[in-house]
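# Per-entry structural report
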Protein chains: 2
Amino acid sequence: MILKVVISVVCAVSVLTVGILIGHFGIDKGSSAPSWVNDVAKDVDEALIEKFLSEVDNMQIQENLRELTKVPHMATTPGDEQTVKLMLERWRDPETGLDDAWREEYMVYLSFPDTKNPNKVTVVSPSDTVIYTAREKEKPYTADQDDPEVVQPYAAYSPPGNPKGKLVYANQGKPSDYQELNKTVDLRGTIAITRYGGAGRAAKAINAAPYGVIGVLVYTDPLDINDGLMSDINETYPHSWYLPPSGVERGGFSTHYGDLRTPYLAAKGNHTDFAVVFLLCLHELGGEAAPADWQGAFNCSYNIGGPGFKQTSAFNSSDVKLETFNHGELKNSSNVMGVIRGSVEPDRYVIYGNHRDSWVHGAIDPSSGTSVMLELTRVLGKMVKQGKWRPRRSIIFGSWGAEEFGLIGSAEYTEQYFTKLSERTVAYINVDIAVFGKKPFLPPRSRHPMPCNSLSHLDRCPGMESTSVYDNWIKYSNWTSPEHGLIPKMGHLTGAGSDYAAFVHYLGITAMDISYTYDRSKTNARIYPAYHTAYDTFDYASKYIDPGFFSHQAVARTAGNVLIRLADSLVLPLNCSDYAELLEMYLSRAVDLYQTDLCLISEPLKSAVASFRSAASHLDQMILSSDLVRRINDQLMLLDRAFLDPLAFPDKYAFRHVIWTSSSAGMSTFPGLADAFAKAESSGQSSDWDKVHYHLSVLSQNIAGAANTLVDVI
Amino acid sequence: MILKVVISVVCAVSVLTVGILIGHFGIDKGSSAPSWVNDVAKDVDEALIEKFLSEVDNMQIQENLRELTKVPHMATTPGDEQTVKLMLERWRDPETGLDDAWREEYMVYLSFPDTKNPNKVTVVSPSDTVIYTAREKEKPYTADQDDPEVVQPYAAYSPPGNPKGKLVYANQGKPSDYQELNKTVDLRGTIAITRYGGAGRAAKAINAAPYGVIGVLVYTDPLDINDGLMSDINETYPHSWYLPPSGVERGGFSTHYGDLRTPYLAAKGNHTDFAVVFLLCLHELGGEAAPADWQGAFNCSYNIGGPGFKQTSAFNSSDVKLETFNHGELKNSSNVMGVIRGSVEPDRYVIYGNHRDSWVHGAIDPSSGTSVMLELTRVLGKMVKQGKWRPRRSIIFGSWGAEEFGLIGSAEYTEQYFTKLSERTVAYINVDIAVFGKKPFLPPRSRHPMPCNSLSHLDRCPGMESTSVYDNWIKYSNWTSPEHGLIPKMGHLTGAGSDYAAFVHYLGITAMDISYTYDRSKTNARIYPAYHTAYDTFDYASKYIDPGFFSHQAVARTAGNVLIRLADSLVLPLNCSDYAELLEMYLSRAVDLYQTDLCLISEPLKSAVASFRSAASHLDQMILSSDLVRRINDQLMLLDRAFLDPLAFPDKYAFRHVIWTSSSAGMSTFPGLADAFAKAESSGQSSDWDKVHYHLSVLSQNIAGAANTLVDVI
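Residues numbered from 1 in each chain as written. Chains lettered and ligands numbered in written order. Predicted model: local features only at pLDDT ≥ 70, side-chain atom pairs only at ≥ 80, totals over all residues. Heavy atoms only, no water.

Where an unreviewed UniProt entry is consulted, chain A appears under the name Aminopeptidase NAALADL1, with the organism given as Sparus aurata. Checking UniProt for chain A, the heading Cofactor (unreviewed entry) contains the comment "Zn(2+)". Taken from UniProt, the Subcellular location (unreviewed entry) comment for chain A reads in full: "Apical cell membrane". (UniProt positions renumbered as here; feature names shortened; annotations may be inferred.)

### A look at the overall build of chain A
Secondary structure summary: chain A contains 21 helices and 22 strands in total. Sequence-distant contacts in chain A: of pairs separated by 6 or more residues, those separated by 24 or more amount to 78%. Carbon and sulfur atoms provide 53% of the accessible area of chain A, an area that totals close to 24100 Å². (Helix = DSSP H or I, 4+ residues; strand = E, 2+ residues; numbered from the N terminus. Contact = heavy atoms within 4.5 Å. Areas by Shrake-Rupley, 256 points an atom, 1.4 Å probe, with all protein chains shown as cover.)

### Quick word on unusual backbone geometry
The amide bond that connects Y237(A) to the next residue, P238(A), takes the cis arrangement and shows omega of 10°. By the element assignment, P238(A) lies in the loop between α9 (222-225) and β9 (251-252). In the segment running from D365(B) into P366(B), the intervening peptide bond is cis, with an omega of 10°. Within the fold, P366(B) resides in the loop between β14 (345-355) and α10 (367-385).

### Quick notes on the sheet that holds strand β6 (residues 167-169) of chain B
Residue and element names in this part refer to chain B. Pairing is parallel in the open sheet, where three strands are placed in the order β6-β7-β8. Unpaired on one side and paired on the other, β6 and β8 (215-219) mark the two borders of the sheet. Strand-to-strand twist of the sheet, defined as the mean angle between neighbouring strand axes without regard to direction, takes the value 25°. Inspection of the sheet shows strand β7 (residues 191-195) paired to β8 by five bridges, in the parallel sense. If you follow T194 over to β8, its bridge partner there is V218. Taken strand by strand, helix α8 (residues 201-208) contacts β7 and β8, and its axis lies near 145° from that of β8. (Pairing = 2+ DSSP bridges. Axes fitted to C-alpha atoms, helices over the stretch in contact; angles between N-to-C directions.)

### Comments concerning the nonpolar core
Ranked by size, the top nonpolar core spans 168 residues in total, and within it F397(A), F405(A), Y528(A), F612(A), I659(A) and F670(A) carry the most contacts. Both of domain 1 (18-111 + 329-568) and domain 2 (576-710) of chain A provide at least three residues apiece to this core. Apart from the residues within four sequence positions on either side, F612(A) is in contact with C576(A), Y579(A), A580(A), L583(A), L639(A), F643(A), I703(A), A706(A), A707(A) and L710(A). The next biggest cluster of nonpolar side chains, apart from the first, holds 166 residues, and it includes V44(B), L88(B), A496(B) and A530(B). (Core = buried A, V, L, I, M, F, W, Y, C linked by side-chain atoms within 4.5 Å. Buried < 20%, exposed > 50% of the residue type's maximum accessible area, 1.4 Å probe, protein only. Domains from an automatic or database assignment.)

### A closer look at the environment of D319(A)
Residues and elements named next belong to chain A. Positionally, D319 belongs in strand β12 (residues 319-323). The class for D319 is buried, based on a relative accessible area of 15%. Along the chain, D319 and D128 lie 191 residues apart, while their C-alpha atoms are 8.5 Å from each other. Discounting chain neighbours no more than four positions away, the residues touching D319 are T122, V123, V124, K164, G165 and K166. In this structure the side chain of D319 is engaged in a polar contact, spanning 2.8 Å, whose partner is the side chain of K166. (Polar contact = N/O pair within 3.5 Å; in protein donor to acceptor, adjacent residues only side chain to side chain.)

### Details of the confidence of the model for chain A
Residue and element names in this part refer to chain A. Scored by pLDDT, chain A comes out at a mean of 82, with 85% of its residues at no less than 70. Segment residues 1-31 is flagged for pLDDT under 50; beyond a separation of four residues in sequence, or across chains, it makes 93 contacts in the model. For residues 265-279, every residue scores under 50 in pLDDT, and the model assigns this stretch 67 contacts once sequence neighbours within four places are set aside. (pLDDT = per-residue confidence, 0-100.)

### What to know about the environment of P244(A)
Residue and element names in this part refer to chain A. Residue placement: P244 occurs in the loop between α9 and β9. The buried category is assigned to P244, whose relative accessible area is 2%. Separated by 106 residues in the primary sequence, P244 and E138 place their C-alpha atoms 8.6 Å from one another. Setting aside residues no more than four positions away along its own chain, P244 makes contact with Y141, T236, Y237 and Y535.

Have a look at this one:
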């Protein structure tokens, strides 16, 4: 998973439609009807779901994970090919496999370090003598880290180069960080050191470039991942889930997702000059102490000023030099695809996916998700092979390649099958990192407005056997919806953090990302500490993330439950009134934020949101009274597509969804409007204000257009 | 109708699928099934079509036309409002109306001349004394031309201004014309006079601008419209269908269709400086005789050189001055919409439309089409009101406003209802100018690959009662298809000549444009001579275009026949194998034209076309064997959408269809490829060759993507 830490306000857009579906579809199912009438009219079978839940086996998931993590499986390496074969073998199993499974290959542009010339970070004297060299590899604690296939920590897509300059601490590399720094420090020709968090990887360099910074180092501060702990004698892995001092988070530093060589089809990617950091002590930096919220957990003052090292330091007047020998390579990357064909509506797809490639062994990212997917397909496949079940709609499984390099496998898939997927896909479910957390197992983290009625009381919460997943979720994370009262809280899929991105943002397909997470009130860890390091191994996962694999089991049950309901429900379990609730919340927030400036202009927007609400209520009524199921399902399935506007964000690659696009303004309101407003307010330029008005028009038109798809079809 | 005279090679993509549908859908329709099963399984009813054909009344059409053309009804004028009310009254008639009818208003930007300061063309001496003033209005022959509401002939959207310069004859104002002229004449500061034809209206000015031409006059040469005749004593209207000498073709000169103020939503239109011509004698032009194909029918040599008048002319050293006082106005323009709700698939739309606004009385353009539409809705409406019929799918009728100003009503409609129409529209039928020709009534002119199986042997050809429309068509205009043998020839809807444009190019909806035309071997008339003039009246239409209105009747029958089949057929009468045939023809032509340059590159394109063919054949088989009708119909309905690519033509406003987009290269092959190739070949620049390769990729991806929508759904 690519973790993009952007502040995102969480809002529940949950759904409880099960009740209203009961008794729906008043077709006479008696013996006088032809047999296909009964098939056509068949709704989801609760007994079957119970059977599915009971068969999901935690030990199978554990063994899947063991198998998947035997060797490092970075995209397109021999280890990756081994996992391709494993997936194909499982999905082709005559007793527990799918109807069909195959591989789809793409020739993609990846970026690798040079094994003969490892990337380096050094401190050099004015005469270019090396005074200090940062560690090039992580320290081994188990045999896993000693595998020769462990890739050196590096910043993929950083171009080769050897910038040299005075070191400057730039906090998280956000625009505001460089802006602040630039007030007192001449950043031209410097090397910035930034900590992970606060801004996406590539953004840390893109934000630096305007100030003349020539290289950017990124490191993980113990404050952000280890609750300040850093001794490998007793505090960090293998003694706990915390990251050992030499751990380095790898990552892709490209500017947009998908294959850089073929954006949509043709343009070329561009990169800024930067390289990954190896843990470099900040003790020696000159200048004054940075503000409190810039301080990390190392036992020293994080200074800003200089630039460069303290006069009292042995490094005084030294530069920091980054030597990067990355090279690009065209490689064959595989998606593994599997399918269970639908009986009544084979041309409607529910897609379930996860990436297969990791940076190293990737026990958690992504193999926790892959283990869950394999268990889920085993249970479903067996039911199909035994003739006990065939879904109403088709289910497509995708094991994506090269996600770590920028969601490449899934993005290329959506480009290749653009029209077909746009027309037919009911929903996309993503389970990448299945379990983020160590015990106690807190609520599943589920993002995007897809119904969670399926997260019903049927399933038990791991570690809390008397409590259902649903009850546990609502207890720890809830929201009071004007429509439904107290319901579980869900996040939004606004960024491009995993393979849901191309489905949501490019195709406008309703999507959900499911995982179990940890209690964030108990730790400051940005993410599980071994993320993207050589310590993300089976040993780590089974000892510190999910001993017994009960949380994995719960995720498999939850995801499968959602999947079966999406595939089998007569009327799709998607609720458009919840969308209305979200739009109303966005609108009310926009009014609060921008009313004084936009009081007149927002009338069409208000009226568009109001017509959406009324159309949504109307469709709810229709669902109760109509037998035109396919028609209603089309309305529900295509609702998100109505919010796509290829012209809304000309500067954002493949972002077209006017409600879910990523936003840097950090406001829980319409993202395009919020960003345009922030820009106009800061620049005061009339062309920027024109863009604010443009976004108001785009929103009004798209929301009204979406409402038009929900009212009476004619 | 906006007539854009672009050379378009005609190719038949006709369809004869009736046979294979007979016997389809093997549902047991016996008494044991619920009654809705019979409704769902009902196919088109041939007896009902016969009844429809027999009820279409030529005299009703004549009376419709008389009513519609009482007064001039230019967009948004009181005359236009009168036609709005007429449409609403007819469509709301309790005995012969539709289920519902309403008006939809748009605030659009139109361009009008100033009634107090009429536009002028004068010849002025060096001291600015007016030596000659061109006629400002057309000469009246009947009371119609004396109506105070007759708008002065003008070039809509020409900006106000008064350029003055030496006159130069520039043939048709094509790029090649100015290029040729520029070899011997310094065009800077000149006024170019061009004849209609060869290039679109706005193009004549856009093409001139790079050479420094400051004003463009456009006139109708008697050669191109009157077979050389020009005496109003006995040769032209009211003595024949030919255009009187003072007739001027009005027109919109905007650069793209739709409301200029709101392209997609926000950008602004731009115009080049030019004005409409009034007939100005070419006798006096200096220089040498232009090439033979530049000569018109006036009794003089069409000279190029100078610039300016002959030394022997009284105009010697005089300039030509254009004074334009056009002004833009925001006006409320109405579409009138009507609907017959579908019984089984109300969420599938067949749309039938025509514009309502004319330049003057518009008897032919557009009221011939509106009269046909009113008769067609009368007959269908009566069947509905009497409970004798309800179509399987919904039928939407659109009477568009402000077409003459740039297809504005239909374009705004497609923008407003973009998603809904994209998702649900089965096909669009356009009947604008219903009858172009005087007797003998030759084949209907039908464009775009929509099935003409409905143009069956049932209907008699007007004036040739022993011959069917179909047989007459195939006799006069045919093509030997590798698939079907000898079939009627159809044109392609590649331009933006009428309201089909936004449906085809922007929404990717299968469309058809139907009309009766005249025998082009018997006249050189570019179009019917009274086109866009004050002579296009009921008197003219009923005397010289279609006395007795039998051709109108035939068009109403033909269009209604197609409409009912699209609305009622169980499986949509659209044939994807014909699309394959077209793609193969395009491909073979591309290979002929570009093979030497692109021999390697075209492999993916060849393979994409081959997979399309194989997928199409496969779907043909499926249609014979499957009961999943809705699924197949979705595949057929959405096929054209698969060819939409919003990124394919970034410079062409609202053109997104990679097969049907307009092309200036004049090759009967893939339009984007042909244009890119022509440009690259002429410039030799590598960036232009990159675009050729880009278009190859776009085509390969889109055709392969379309093939993917036709193969087994999963």
